[in-house]
Structures are given as structure tokens and as C-alpha cells.
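# Residue-level structure breakdown
As a plain string of letters, each chain reads:
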Number of protein chains: 2
Amino acid sequence: MKPTIYDVAKEANVSIATVSKVLNNTGRIGEHTKKRVISTMKDLNYAPSSVASALTKKQTDSLGLIIPDISNPFYSEVSRVIEDAAFEKGLTLFICSTDYNIEKERKYIELLHRKQVDGYIIASGFKSMDLMKGLIDDTFPIALFAQDSPTNNFNVISVDDYKGGYLAINHLLSLGHRNIGVIAEYVNSSKIRLHAYRDLCDMYGLPVQEKNIKKTIANITNGEKMMKELLQQENPPTAVFACNDALAIGAMKAAREFKLNIPKDVSIIGFDNTILSSTGVPELTTIQQPINEMGKEIVDAVIHEMRTPESVKQRKLFTPALIERESTGEV
Amino acid sequence: MKPTIYDVAKEANVSIATVSKVLNNTGRIGEHTKKRVISTMKDLNYAPSSVASALTKKQTDSLGLIIPDISNPFYSEVSRVIEDAAFEKGLTLFICSTDYNIEKERKYIELLHRKQVDGYIIASGFKSMDLMKGLIDDTFPIALFAQDSPTNNFNVISVDDYKGGYLAINHLLSLGHRNIGVIAEYVNSSKIRLHAYRDLCDMYGLPVQEKNIKKTIANITNGEKMMKELLQQENPPTAVFACNDALAIGAMKAAREFKLNIPKDVSIIGFDNTILSSTGVPELTTIQQPINEMGKEIVDAVIHEMRTPESVKQRKLFTPALIERESTGEV
DNA sequence: GTGAAAGCGCTAACAA
DNA sequence: TTGTTAGCGCTTTCAC
């Protein structure tokens, strides 16, 4: 049997209270007994039970991380960063993949609720924000990653989408492209990136052609499909901004099927700077989100909410960067 | 405050034992009271506390999944499958990335031990097998994924590495290649795949040239480096078997740097069939591990150990399959 | 500086 | 069929 606090108390000839105190460095205990307790803990190979302490302290030191799909490179990379940041702070993560599926979201939220996680980190693609509010207390720690919830008031950590869109389009414009297509997602971040697109078009006196803007759900197949549509219309764009790397990879496939050289015949730029952007040929020019900093920040945000539930919520937007590789070139 | 079992008991005019019984469907309770209890649970928006029940039942319904790195596509894909299988069985996962780092392994194992996970799933790359044995009981549920521990006795779920190596090399041989290089890892699975290589060479009467066998740590950069070495020697191989997709992607990079066409000048085959194998150009021919089945099996294996700790351990080897894409061709 | 005791929310004997 | 009660392993007053 795993030794308990009673075992070490008995063995060290002290009370369990004393053991607890040396365990948590609380109260005052004599140097001598402290040493003795510590050494018998070692002798017994004692490890305190987190579940017992969670029950008394009403705190589990764990967080729920809700993402669409851990096997998607962007989310797995983000998860890794968040895992490290959480671990650093003594928190463990329940990582949950919901596949944009409301039913799965509900089940996972209920599960985590029963597991008494101390807070949630919710990544883009989460749909059940309202269900969430019903299930849990209004002041319960929740932070949003790369997702907005305009109707609710949460801490959110995100990339500056306008800036990201701006960087991407501006890069294409500076390369001389004047007929630029966009493959966007049905999400808020894409909408904002499109604002940058429109504004930049205005600035350059270019007419914004709606037919050049495709919206879809982000995956490689859809990227391919949308790119084909773009390429099939008359006067097709000479450059395409895909709102994430997966869409961009799909777009590159389509271009290749059309026997188009990248970047000679058509330039393609992605978003996220996932591993996919550096493993293909040509390597993908893309916009990098500073996920390391963002991961740290979001963990800090949840912790802050845990400590001060009534604190004012913030939105922190991080500055993206252009990563020039091989998929974009002069027109 | 979150309602407790006492709240619903009082509200429904029954004892907490009764509530517990309807909660767990144990004992016998009258239809009528059962209904009443259930409805007041709904009214109060009651959700039982897993931590309290964990404390009494000495079972947390959670598993530790130890992998080298969740941001590595192979492991993120594997994790996804295991997550789903575990969720299906009512188990949640603590996913821990250890970076092949003994210190991190130790910290995570200790952490999970205190969290009282019901079992461990340990994926390839784990080094502290012996530490593990010291920390936990001999009959504690542990299953190994794609990793062997010859000196210990565990349930292991793995791919049939010999068969995988055989499929890869045989594919290359059937394409006419007679000078085949291998980029392997410093791990047992690679060793077994190399057995297949040697055996096949023997069968074909080909001399096994040690200079054609490179060993390294699996990542893209090392794949590139090893491939360059292979390519720089005189009479370089016309085909290379990389023991996983990351190495293969690196190898493709190197080939390209040498202005070699794939597969015309050199064929490359990978292993794992991760997303990387279908996003590049040319798409990578590779060996697929049936990770869906393997994921289900390993969760089942841990559950089985949880229920019958003394059960005989097994090794289950799953049959891989050749996925022909574009990176291999006739010599 | 140390200990006794209550309680965290639940399960499982055992009684009734 | 339902209720009483004793823990599960820990934290935290409050006495001493």
C-alpha cells in the first residue's frame, strides 16, 4: 500500500498535522522534527495524495485545455507550449479534442467540471460558449486562445489578426501582385484579416473583387478545392493569401495540379508557421504567431483569474511576423 | 457554491446513501424516489465530484500518457487516437511531453503518481524504465506503445517492425534498387527493421554495406545530415529507407540540395505515414502503422491490467502496410 | 512548536 | 428499499 500521512506521522512520532506542515511549509516546526519528518518521508517513499489535498483545498492544480484537434499541427504545437507553461507553474493539463463538435464539447466540459479543474483554456473553434456559461459560475477562470467571444467577457490571448493580414497582403503587394485572392475561414480571425486585405486594396486603389475571396473550413482538402475555384475563374489571382498553413498546403496542391509553378506563376502565403510550412517544396512563406509568448501569457491569465476572480478582463493581441520562404515571389 | 450530495439529499428528502446509489446505479432504489432524486439533481444542476469519489474509490479514472513531444506529428496523431479510445472508456489523459529528458520524465512520473493516475501508457523514447519500477508497485498498470523493455515485463503494443522493414526494403528491391541506404534511429525498433534489411539483402545476394547504414536521433535536420553523408560517399545508394517520416523529409531536403530528382535519381521511403508524408512534394511513400487499432488496444491493455493486476503480460505486434506515393520509383 | 479534531464530498458496509 | 456510519488522505483552525 502506498504510505499515507498517517504512516509517516507514526513512524516519525509526530502528529499528522505536523507532517502536513512540513509538507506545505506552513506553520512553525522545529528544525529537528522537520528533519526527522523529511527523512522518514524519504524512507517510506512517501508521496502526498493530490486527490486528498484537492478535496480539502478545493483546488486540483489542473486545467482543461479545449482544442479542436490535437493531431492538427497548429494545435499540437500550441498545446506543447501551453503544457510547458502550465507545468512550470505546477499545473497539469487535460487536453481535449472536440472536432468542432458541440456534443463532444458538452461532454468534455461536463467531465472537466466534475474533475474540478481550476480553470479552462479554450482555443479557437469552440462553439458552446453559451453552454459554458450555463454550466459554470460566472467568475470561473476561463481564458480564450485565438478566439473571440464578443458577447461574453473573457480574458483573451490572441494574435493581432489585422496586423497579420496586413503583413501578408502587404508582402504580396510589395512583390508587385495586384490581383490577390484570399482563402479564409468562417471565423472571426479571418474576418479581421480580410479587413486588412480590403483596407490595403483601398490604399492601393485596387478594386476588391468578392470572387477572389473564398471562405471554407480549414483543412488541406478545402484549401485545394478553394484554390481550384480561384484558378478556374477568368483572370485568376497571381497571389493567394491562405488564412492558415493547412489551407495553404492545399492551395499549393491545387496549383501544382494546374501545372503552375510556385512562386513563378502564382505566389502563396500561409498563416501560423506550423511545421507544415517548412517541410514541403517550395517551403511556405507564412505569418508566424508568437505562440511561445502567447502560451505563457494564457496560463498566466488563467492563474490570475484563479487568484482574483473579479479582476478586469483583458484582450492581449500579440504581434505576428512575416516569415519569408520560397512560396512567394515577384509577379 | 457547487451543490454537493448533501444538498440534493436534503432537497429530495432522502439520505446521501440513496443519492449515491442512484448516481452509481448500485443497490436497489424505488422507481419513485429514483425519479425524484434525478429530477432534483437536475434542478440543482448537481454534478458529482470526481475528486471526492476518487478519494473513496481509490481510482481516478485517469491515465498518464508519456510521450517525447506532443508537437511531433507522429505523437500528436497517436495521442489523438489514444485520447479518443480513453474517452470512450471514461478515462481522461494527462499528456506529458518529456523531450527524451530524464529529468522531465522523473518529474512527470512523480507528478502523475501523486495525482494517482490509474495507469500509464508510455510511448517510445522513454528512458527511465528503471526509475519507474522503483517509484511504483510491481503490478501497477503500465503499457508500452511502440517501445520494448526487454529487461522488464510489460504489456506492449507495437507495430511489427520486422514486417515494416521488410515491406519497405522489399518495395525498394522490387523497384529494381540494389544499392539501398538506411537512415535508422538509435532505438530498438530501428534495429529490428534493420534485421529485415539485412535478411533481404542476404536473400538477394547483396552485400550489406555498413557505410550505407546511418544511425541518428530522429528529426528532420538529422535526416538531412545523414542523407548528405550517404550521398557524398562514392557509389551512393539509389534508394533510401528512412526509419520515420521526419528523417525521410530531411532526406528529401538533402537530395534536393544535391539537385537530385526524387524519385528519378533517388527513391526515398519513410515510416509512420504521418501528415508530413502527404503534404510535401513529391508525396512520401511510407509504411503505415495502424495507429487507430493500436490506440484502442493499448487503452484496453491498461484497463485490463487495472482489473486483473496479476494477468500475464503480452506483446501485440500490429501489421503495417505499404503506402505507395510518389517518392519511390524504378531505379 | 505540536497535536486534537473537524471537515472536504463521496462510497460501501451494515442496519433497519 | 432506505438510512447510518465509518472511512478515504489531507488541510486547517484552535488549544495546549
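For the structure, check the block above.
Calculation criteria
- Residues numbered from 1 in each chain as written.
- Chains lettered and ligands numbered in written order.
- Predicted model: local features only at pLDDT ≥ 70, side-chain atom pairs only at ≥ 80, totals over all residues.
- Heavy atoms only, no water.
- Axes fitted to C-alpha atoms, helices over the stretch in contact; angles between N-to-C directions.
- Helix = DSSP H or I, 4+ residues; strand = E, 2+ residues; numbered from the N terminus.
- Parallel < 35°, antiparallel > 145°, perpendicular 65-115°, else oblique.
- Contact = heavy atoms within 4.5 Å.
- Expected span 1.5 Å × (residues − 1).
- Buried < 20%, exposed > 50% of the residue type's maximum accessible area, 1.4 Å probe, protein only.
- Polar contact = N/O pair within 3.5 Å; in protein donor to acceptor, adjacent residues only side chain to side chain.
- Pairing = 2+ DSSP bridges.
- Near = heavy atom within 4 Å.
- Nonpolar A, V, L, I, M, F, W, Y, C, P; charged D, E, K, R; others polar.
- Salt bridge = Lys/Arg side-chain N within 4 Å of Asp/Glu carboxyl O.
- Least-squares fit on C-alpha atoms with pLDDT ≥ 70 in both.
- Core = buried A, V, L, I, M, F, W, Y, C linked by side-chain atoms within 4.5 Å.
- Phe/Tyr/Trp six-rings, centres within 6.5 Å; stacked < 30°, edge-to-face > 60°.
- Lys NZ or Arg CZ within 6 Å of the ring centre and 35° of its normal.

## Some remarks on the packing of helix H2 (residues 16-24) of chain B against helix H3 (residues 31-44) of chain B
Residues and elements named next belong to chain B. Where H2 contacts H3, the axes come no closer than 10 Å and their chain directions differ by 85°. By the criterion of interaxial angle, the relationship of H2 to H3 is roughly perpendicular. Contact residues: Val19, Val22 and Leu23 in H2; Lys34, Val37, Ile38 and Met41 in H3.

## Here's the deal with helix H5 (residues 73-88) of chain B
Residue and element names in this part refer to chain B. The end-to-end C-alpha distance of H5 is 23 Å, a good match for the 22 Å that 16 residues give at a rise of 1.5 Å each. The buried count for H5 comes to 13 of 16 residues, which makes it a mostly enclosed element. The distance from a side-chain oxygen at the start of H5 to the backbone nitrogen of Phe74 is 2.8 Å, and the residue carrying that oxygen is Asn72. The first or second residue beyond H5 is Gly90, which carries a positive phi of 80°.

## Section: the sheet that holds strand S6 (residues 180-185) of chain A
Residues and elements named next belong to chain A. Taken in spatial order, the four strands of this open sheet run S7-S6-S8-S9, and their pairing is parallel. Sheet topology places strand S7 (213-216) and strand S9 (267-269) at the edges, where each strand pairs with a single neighbour. Each strand axis lies, on average, 15° off the axis of its neighbour in the sheet, ignoring direction. Examined bridge by bridge, S6 and strand S8 (residues 239-242) share four bridges and lie parallel to one another. Within S8, the residue paired with Ile183 across the bridge is Ala242. Along the sheet face, helix H8 (residues 161-174) touches S6, S8 and S9 and points at about 170° away from the line of S8. The strands that helix H11 (residues 245-257) touches are S6, S7, S8 and S9; relative to S9, the one it contacts most, it runs at about 165°.

## Re the side chain of Ser277 of chain A
Residues and elements named next belong to chain A. Assignment of secondary structure puts Ser277 in helix H12 (residues 276-279). The buried category is assigned to Ser277, whose relative accessible area is 1%. At a separation of 2.7 Å, a polar atom in the side chain of Ser277 contacts the side chain of Arg325.

## Looking at the pairing of strand S4 (residues 142-145) of chain B
Residues and elements named next belong to chain B. Here S4 shows a buried face lined by Ile142 and Leu144 and a second buried face lined by Ala143 and Phe145. Sheet analysis places strand S3 (residues 119-123) next to S4, joined by four bridges and oriented parallel. By the bridge assignment for S4, Ala123 is matched with Phe145. The pairing of S4 with strand S5 (residues 155-159) spans three bridges and is classified as parallel. When the bridges of S5 are listed, Leu144 appears paired with Val156.

## Regarding the protein's contact with DNA strand C
Within the structure, DNA strand C sits among 27 residues, and Lys21, Gly30 and Lys58 of chain A together with Ile5 and Tyr46 of chain B are positioned closest to it. Restricting the count to atoms of DNA strand C within 4 Å of the protein gives a sugar and phosphate share of 66%. In this structure, a base nitrogen belonging to DNA strand C sits 3.1 Å away from a side-chain N or O atom of Tyr6 of chain B. Side-chain polar atom of Asn24 of chain B to a phosphate oxygen of DNA strand C: 3.2 Å apart, as the coordinates give it. Contributing elements (two or more residues each) for the surface near DNA strand C: helix H2 (16-24) and helix H4 (50-57) of chain A together with helix H1 (5-12), H2 and helix H4 (50-57) of chain B. If one sorts the elements of the surface near DNA strand C by residue count, H4 of chain B sits on top with five residues. Of the residues assigned to the surface near DNA strand C, the class counts are twelve nonpolar, eleven polar and four charged.

## What to know about the interface of chain A and chain B
Residue-level contacts link 52 residues of chain A with 52 residues of chain B. The salt bridge partner of Lys253 of chain A is Glu283 of chain B, with a shortest N-O separation of 3.0 Å. Viewed at the interface, chain B and chain A are joined by 26 residue pairs in polar contact (both at pLDDT 80 or more). Breaking the side of chain A that touches chain B down by element, the ones donating at least two residues are H4, helix H5 (73-88), strand S2 (92-97), helix H6 (102-114), helix H7 (129-135), H11 and H12 of chain A. When grouped by side-chain class, the residues that make up the side of chain A that touches chain B number 23 nonpolar, 15 polar and 14 charged.

## Some thoughts on the sheet that holds strand S7 (residues 213-216) of chain B
Residues and elements named next belong to chain B. Pairing in this open sheet of four strands is parallel, and the strands run S7-S6-S8-S9 from one edge to the other. The open sheet has two edge strands, S7 and strand S9 (267-269), and neither has a second partner. Strand-to-strand twist across the sheet, computed as the mean angle between neighbouring axes with direction ignored, equals 15°. On the sheet, helix H10 (residues 220-232) packs against strand S6 (180-185), S7, strand S8 (239-242) and S9 and is oriented at approximately 155° with respect to S7.

## Section: the protein's contact with DNA strand D
The immediate surroundings of DNA strand D are formed by 27 residues, with Ile5 and Tyr46 of chain A together with Gly30, Thr56 and Lys58 of chain B found nearest. Counted by atom, the contact set of DNA strand D within 4 Å of the protein is 62% sugar and phosphate. A distance of 2.5 Å separates a phosphate oxygen of DNA strand D from a polar side-chain atom of Tyr46 of chain A. The contact in question runs from a base oxygen of DNA strand D to an N or O atom on the side chain of Lys21 of chain B, over 2.7 Å. For the surface near DNA strand D, the elements supplying multiple residues, two or more each, are helix H1 (5-12), H2 and H4 of chain A together with H2 and H4 of chain B. Residue classes in the surface near DNA strand D are distributed as eleven nonpolar, twelve polar and four charged.

## Concerning the pairing of S6 of chain A
Residues and elements named next belong to chain A. With six of six residues buried, S6 lies mostly within the body of the structure. Burial along S6 is two-sided: the face carrying Ile180, Val182 and Ala184 and the face carrying Gly181, Ile183 and Glu185 are both buried. As paired strands, S6 and S7 are joined by four bridges and run parallel to one another. Paired with Ile183 across the two strands is Lys214, which belongs to S7.

## Notes on the relation of the copies chain A and chain B
What connects the two chain copies is a rotation about an axis and a shift along it. For the pair chain A and chain B, the relating rotation is 180°, the translation along its axis is 0.0 Å, and the fit reaches an RMSD of 0.1 Å. Here the two chains are linked by the operation of a two-fold rotation axis. It is Gly280 of chain A whose C-alpha, among those of chain A, lies nearest the rotation axis, at 2.0 Å.

## Brief notes about the nonpolar core
Here is a general trend for soluble globular proteins: nonpolar side chains tend to be buried in one another's company. Formed by 96 residues in total, the largest nonpolar core has its most connected members in Phe145 of chain A together with Phe145 of chain B. When sequence neighbours within four positions are dropped, the list of residues in contact with Phe145 of chain B reads Phe74, Val78, Ile82, Ile121, Ile122, Ala123, Ser124, Ile157, Met294, Gly295 and Ile298 of chain B.

## Focus: the packing of aromatic side chains
Within this structure, the stated rule accounts for nine aromatic pairs over all chains. Between Tyr120 of chain B and Phe140 of chain B, the ring centres sit 5.6 Å apart and the planes meet at 50°, which makes this aromatic pair tilted. Taken together, the positions of Tyr120 of chain B in strand S3 and Phe140 of chain B in the loop between helix H7 (129-135) and S4 put the pair 20 residues apart, joining distant regions of the chain. With a centroid separation of 6.3 Å and 40° between ring planes, the pair formed by Phe241 of chain B and Phe271 of chain B is classed as tilted. Placement of Phe241 of chain B in strand S8 and of Phe271 of chain B in the loop between S9 and helix H12 (276-279) is noted, with a sequence separation of 30 residues between them. When its relative accessible area of 0% is taken as the criterion, Phe241 of chain B is described as buried. Under the relative-accessibility criterion, Phe271 of chain B is labelled buried at 0%. The ring of Phe271 of chain A has Arg193 of chain A lying over it, and the distance from NZ or CZ to the ring centre is 3.6 Å.

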